[in-house]
Amino acid sequence: MFLILLALCVLAVSAAGLGLLAFARPTPATTRLADLSGPLGAACGCALGMAGLFTDSWTDSLLWTQAWGLPVGSLSLGLDALSRVFLLPVFGLGFVCACAGGISLRHTRASEHNLAAHWLFYLLLVLGMAVVMMARDAVLFLLAWEVMSLSPFFLIDFNDSDRNVRDASWVYLVAAHLGAVLLLAFFGLLWQNAGDTAFAVLPLREGPAVPLASVLFVLSLLGFGAKAGIAPMHVWLPEAHPAAPSHISALLSGAMINAGLYGIIRSCEFVAPLSAAPAWWGWLALFLGLGTALMGILKALAQSNLKRLLAYSSVENMGLMLMGVGAWLIGSHSGNSWIGTLGLAGAMFHMLNHSAFKGLLFLTAGEVLHATGTVRMDLLGGLQQRMPLVGAAFGIGAVSIACFPPFNGFAGEFVLALSLLDGSSLPGVEQQLGLLMALVVLGLVSGLAAATYAKAYGITFLGAPRSRCVEEAHRPRPRDLWPLAIPAFLCVAGGLASGHCFRWLISTVNAPLPDPAAGQQVMLRVADMLGTVSLVGMVLLALVAALWLLRKACIAGRLRREETWGCGYRYGTARVQYTDASFSEPLGRLFGGAMGLKVHQELDGRYFPGKASVAISAPDRLRTGLFTPLFEGVEKLCNMCKILQHGKIHLYILYILATLVALLAWGLHA
């Protein structure tokens, strides 16, 4: 616990120092100092934090409380098993992204960007996430949540000269505060019921307050779901991630959105005992998660922008985690230890794996953007030969997120699938069919994810260059790519050692279960299964490596290279290759409505046609059809209310007097 508190102090002191630099006049010296101090402060804080996570028993709940002078709340921090698991991506990915960002921004000119301000908000984001995971008081939690929510606005708006970037940052800010309003209502109702803001006394008591449980559950699901990117509150993700610098996108997708999942799991402690929770809570979370996952992967499949594709993929994976939470609630309500244990374990295990491969994918997308100046897949191609290390790293992340064994993505989704296999033991045919349908949808999502990342890797890295930006791309120096090696190693090692990694979650998962002993037996059994899968995976990887070396030895000196996609035709161009639209066209015929595909074509029907063009787009209908009209209506209403704000002091005094008279009348009547 001491090292964790020391890590928070290091982050706070580093942020204070960068705050002083942020208000100084930007010069090359201050820019260089900020460029070094930001990653260095994050690295020191994260190193201490990572060390602190393993200094005490995972089953101990450590608590540190200090009065802070405010009329409500206290500076109360705790470290239990659940907090430790969610702090791993905060500190680990925070370190990796800080190092990668420091390398990518080292040539930034002081006249273009204030790096001191950038790294100040980066450290505030890491600090806010850490305090959110450790807060044991509602007021402290909401303050840390606000710091965590405000910091990304300034990080996303890094390239603020671009109007699209500014719009994306505002979309994020509005979505973040909509979720914050729901959380204020959630904790306000709990505070009114408990009479205190400490987490230890917030849980609902038996009696008249119990009917509030369902209202509180829905508030927590929507409030925390807005941060996690659960549909329909996901609209900020596909806007913010493409606009932000890639090391920020990696941290937001791999660590910050986990706070939403953490909040949903933690809030279940306050609402009701799991065994007494209504069954519809679990089914609501299950089907909301499956709907989010299916929508997210279908929208990802339709994208031509690599970072936007990764953003929608984050929506998909958060949906899978929420599905696991739903299975946990269903199993706890019915007393089924298999479904309940593996649902929660699969959600947290997939969360850790997602942090590794999604951080890797966003960082490699950043290298592509830095080398070519674009992430539009219709302008890329052939990057594997020009950037072999980046291509290999992206390939590792792609096969991991596409759920191919023996990489870590397979292990997480394997546990989630196992949690649904025991649906036949539930009472009632409708519940059995519900879990069977959920299992089918999970398999469909995994298959679509494989197609999505086959498209992403193939269109971006294979084939021939589609534009001059690829032909003129510069190869990054290997020493600048070392931050990518950490998440790439975790993707491979996390799959090959998945059985051992899964055992680390036993104490975390068993704590909120109605029957911890039965849950431990389930966890150990599944850990043995994962160990067997890992062993088979090692043998397969060794076999593939041996066959590749044998093939290389057999064709040495006999291989003749031809133009990619030439097929014997010597005068072909890069235009004969598959594009991102043509790759997903077969699936578009089946799921075009759900993908939101719009085809814009200009064809010449004459016998000797002239120039023709076909363009395919996939706008987010929830944003264009729901949120944009809603926000525009609110803006018009606010503009209409400006008539009250006209600068005439005597009318303002009249408003105050009228309000006081109305309040006095209401008080006398009461």
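Quantities reported herein were computed from a predicted structural model and do not represent experimental measurements.

S.K.: So what about the packing of helix 11 (residues 279-301) against helix 17 (residues 429-461)? Which residues, and what values?
M.R.: Two numbers describe how helix 11 lies on helix 17: the axes approach to 9 Å, and their chain directions differ by 20 degrees. Judged by the angle between their axes, helix 11 and helix 17 are roughly parallel. Between helix 11 and helix 17 lies a crossing whose hand is left-handed. A per-class count over the contact of helix 11 with helix 17 returns 20 nonpolar, three polar and one charged.

S.K.: Explain a nonpolar patch on the surface residue by residue, including any values.
M.R.: Taken together, the side chains of Ile 649, Ile 653, Ile 656, Leu 657, Leu 660 and Leu 663 define a hydrophobic patch exposed on the protein surface, amounting to about 600 Å² of accessible area. Along the chain, Ile 649 turns up in helix 25 (residues 649-669). Classification of Ile 649 by relative accessible area gives exposed; the value is 57%.

S.K.: Tell me about helix 15 (residues 388-401), and name the residues and values.
M.R.: Taking 1.5 Å as the rise per residue, helix 15 with 14 residues should run 20 Å; its terminal C-alpha atoms sit 20 Å apart, in good agreement. For helix 15, the set of buried residues is Val 390, Gly 391, Ala 393, Phe 394, Gly 395, Gly 397, Ala 398, Ser 400 and Ile 401. Buried-residue contacts for helix 15 involve helix 12 (306-334), helix 13 (337-372), helix 14 (383-386), helix 16 (408-421), helix 17 and helix 19 (482-496). Cys 403 lies just past helix 15 and shows a positive phi near 70 degrees.

S.K.: Talk me through the packing of aromatic side chains; I want residue IDs and the actual numbers.
M.R.: Considering all chains together, one arrives at 24 aromatic pairs under this definition. For the pair Phe 141 and Phe 224, a centre-to-centre distance of 6.1 Å together with 80 degrees between the ring planes defines the contact as edge-to-face. You can see Phe 141 sitting in helix 5 (residues 138-156) and its partner Phe 224 sitting in helix 7 (residues 212-228), a full 83 residues away along the chain. Take Phe 141: its relative accessible area is 2%, and that puts it in the buried class. For Phe 224, a relative accessible area of 1% puts it in the buried group. Taken together, a centroid distance of 6.4 Å and an interplanar angle of 85 degrees make the contact between Phe 217 and Trp 280 edge-to-face. Taken together, the positions of Phe 217 in helix 7 and Trp 280 in helix 11 put the pair 63 residues apart, joining distant regions of the chain. A residue is classified by how much of its surface remains accessible, and Phe 217, at 2% relative accessible area, is buried. An aromatic cluster is present here, built from Phe 141, Trp 145, Phe 186, Phe 187, Phe 199, Phe 224 and Phe 270 joined pairwise through their rings.

Thresholds applied
Residues numbered from 1 in each chain as written. Predicted model: local features only at pLDDT ≥ 70, side-chain atom pairs only at ≥ 80, totals over all residues. Heavy atoms only, no water. Axes fitted to C-alpha atoms, helices over the stretch in contact; angles between N-to-C directions. Helix = DSSP H or I, 4+ residues; strand = E, 2+ residues; numbered from the N terminus. Parallel < 35°, antiparallel > 145°, perpendicular 65-115°, else oblique. Left-handed = near helix turned anticlockwise from the far one by under 90°. Nonpolar A, V, L, I, M, F, W, Y, C, P; charged D, E, K, R; others polar. Patch = residues over 30% accessible without salt bridge, like charges linked within 9 Å, V, L, I, M, F, W, Y side chains within 5 Å. Areas by Shrake-Rupley, 256 points an atom, 1.4 Å probe, with all protein chains shown as cover. Salt bridge = Lys/Arg side-chain N within 4 Å of Asp/Glu carboxyl O. Buried < 20%, exposed > 50% of the residue type's maximum accessible area, 1.4 Å probe, protein only. Expected span 1.5 Å × (residues − 1). Contact = heavy atoms within 4.5 Å. Phe/Tyr/Trp six-rings, centres within 6.5 Å; stacked < 30°, edge-to-face > 60°.

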